[in-house]
Amino acid sequence: MEEQWGLSICLLHAMFGGECQDYEMLSLQGWTQAEAGNITTSTVAYDVSELNGYTDPYDTELFEDATQIFQRSLARYGVEASTCRACMR
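Treat the numbers as computed from the prediction; the structure is a model and nothing was measured. (Residues numbered from 1 in each chain as written. Predicted model: local features only at pLDDT ≥ 70, side-chain atom pairs only at ≥ 80, totals over all residues. Heavy atoms only, no water.)

Caption draft 1: Helix 3 (residues 57-77), seen in detail. Taking 1.5 Å per residue, 21 residues should reach 30 Å; helix 3 reaches 30 Å between its end C-alpha atoms and fits that length. Taken residue by residue, helix 3 has Phe70, Ser73 and Leu74 as its buried positions. For helix 3, the buried positions fall inside an angular range of 100 degrees around the axis, keeping them on one side. Exposed positions of helix 3 whose direction lies more than 90 degrees from the buried face are Arg72, Ala75 and Arg76. If you follow the buried residues of helix 3, they end up packed against helix 1 (5-16). Phi turns positive, to about 65 degrees, at Gly78, one or two residues after helix 3. (Helix = DSSP H or I, 4+ residues; strand = E, 2+ residues; numbered from the N terminus. Expected span 1.5 Å × (residues − 1). Buried < 20%, exposed > 50% of the residue type's maximum accessible area, 1.4 Å probe, protein only. Arc of directions from axis to C-beta. Contact = heavy atoms within 4.5 Å.)

Right, dumping it as structure tokens:
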């Protein structure tokens, strides 16, 4: 999940192995190293004013389901911010 990039990378390694690499903490949104240090939430702001209040009901439902799966996976593999510090060299 882009909104929780660092935890996503930590979860990936918890599930499939391998060592965290510094470059993995940089999302495709172009975070700086300082921003990558905040592994629980994204600091990238999106300008949604062009949407004029529109929300996609299908996207919202999909995102909510994905978030639930993500949270269950974090719990299943014991991943949380305090266990991911090794990835944040």
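The rest of the description comes next.
Caption draft 2: Just the confidence of the model for the protein, in detail. When pLDDT is averaged across the protein, the result is 78; 73% of the residues are at 70 or more. Ranking the helices and strands of the protein by mean pLDDT puts helix 3 first, with 93, and helix 2 (residues 33-36) last, with 46. Below a pLDDT of 50 lies the segment residues 31-36, which in the model reaches 17 contacts outside its immediate sequence neighbourhood of four places, other chains included. Note on residues 39-43: pLDDT is under 50 here. Beyond four places in sequence and across chains, it has 19 contacts. (pLDDT = per-residue confidence, 0-100.)

Caption draft 3: Layout of the side chain of His13. Along the chain, His13 falls in helix 1. Owing to a relative accessible area of 13%, His13 belongs among the buried residues under this scheme. Setting aside residues no more than four positions away along its own chain, His13 makes contact with Gly18, Glu19, Cys20 and Glu24.

Caption draft 4: Fine view of helix 1. Taking 1.5 Å as the rise per residue, helix 1 with 12 residues should run 16 Å; its terminal C-alpha atoms sit 16 Å apart, in good agreement. Turning to helix 1, its buried residues are Trp5, Gly6, Leu7, Ser8, Ile9, Cys10, Leu11 and His13. Elements that come into contact with the buried residues of helix 1 comprise helix 3. Residue Gly17 follows helix 1 closely and has a positive phi angle near 85 degrees.

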